[in-house]
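# A closer look at the structure
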Amino acid sequence: CGRQGEALAAFQDARQRLAEQLGIEPGLALRRAHRLIVDVDRASAGTPGKTVPNQLPPDVAEFVGRDDALRLIGLGRAVAITGMPGVGKSALAVHAAHGLGATYPDGRLYADLDGMSGRPADPHHVLGGFLRALGVADDAIPGSLGDRAGLWRTLSAERRLLVVLDNAGGAEQVRRLMPTPGPSGVIITSRRRLVELPAVEWIVLGRLDADAAVTLLERLIGRARVRREYESAVRLVARCAYH
């Protein structure tokens, strides 16, 4: 009756109870019912009125360089970007995510984890937002963090989603927000390398090279002016550490 999110939540609850009480997985009949729900949900994705979430911030209009990093992000399913503050980690993640829309037709989710602040984002709250974006009704969203994470894993395992987890503070903040390995992808940004996360391809982002930095300046203030005052432009980007 169009309540696939609630049906998937019921399946996840049954699966957890069976595992906790009997140590078994759902039987054949329940697995078939789950597959039917997933197939109906997938089929409805192409019908009018079906919302495909896109929570990405606007793309960076003046983006330049980073060709190697963009190529690596396009090849991986789980990629994390690290580097010094201000080097462009978030800009790279958002720009790459915008370019990968066709690869992830079921939606692109975004969360600023604000991990380096005094009040980092709570995974419990972030998961609630993700589940709502995927069509789970408020009264069907589990109350506990563990149950929310379980339902999130179920839904992400059956979709081709791209998840951007920006400004992560630590592995524990990120771990429950990772989509299930498989068709979905994730891009993480963090000032430090989160070595506790398994199966993640890390990109250490350095400063732009001099040519790319000058090109960026051209886009900001105009190519004619930069060419007219080229030596001053080179000194300016150098003093800005090519950021």
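Everything below is about the structure printed above this text.
A brief look at the structure comes next. These numbers come from a predicted model, not from an experiment.

Relative to each other, helix 1 (residues 4-21) and helix 6 (residues 145-157) sit at 115 degrees, their axes nearing to 10 Å. By crossing handedness, the relation of helix 1 to helix 6 is classed as right-handed. Along the contact surface, helix 1 presents L8, A9, Q12 and Q16, while helix 6 presents D147, G150, L151, T154 and L155.

What follows covers the pattern of salt bridges. One pass over the structure, following the stated rule, counts 5 salt bridges. R71 is the partner of D68 in a salt bridge, and the nearest nitrogen-oxygen pair spans 2.3 Å. A residue pair is termed a helical-turn pair when its members lie 3 or 4 positions apart in one helix, as D68 and R71 do in helix 3 (residues 67-75) at 3 residues. We classify D68 as exposed; its relative accessible area is 55%. Salt-bridge contacts for R132 lead to D138; the nearest nitrogen and oxygen are separated by 2.7 Å. On the basis of relative accessibility, which here comes to 42%, the residue R132 falls in the partly exposed class.

Another point: the sheet that holds strand 3 (residues 162-168). Within the open sheet, the 5 strands sit side by side as 2-3-4-1-5. Their pairing is parallel. Edge positions in the open sheet fall to strand 2 (108-112) and strand 5 (201-204), since each of these has one partner strand only. Each strand axis lies, on average, 15 degrees off the axis of its neighbour in the sheet, ignoring direction. Against the sheet, helix 4 (residues 89-99) makes contact with strand 1 (78-82), strand 2, strand 3 and strand 4 (185-190), and its axis sits at roughly 165 degrees relative to strand 4, the strand it touches most.

Here is what the cut-offs are and how they apply
- Residues numbered from 1 in each chain as written.
- Predicted model: local features only at pLDDT ≥ 70, side-chain atom pairs only at ≥ 80, totals over all residues.
- Heavy atoms only, no water.
- Axes fitted to C-alpha atoms, helices over the stretch in contact; angles between N-to-C directions.
- Helix = DSSP H or I, 4+ residues; strand = E, 2+ residues; numbered from the N terminus.
- Left-handed = near helix turned anticlockwise from the far one by under 90°.
- Contact = heavy atoms within 4.5 Å.
- Salt bridge = Lys/Arg side-chain N within 4 Å of Asp/Glu carboxyl O.
- Buried < 20%, exposed > 50% of the residue type's maximum accessible area, 1.4 Å probe, protein only.
- Pairing = 2+ DSSP bridges.

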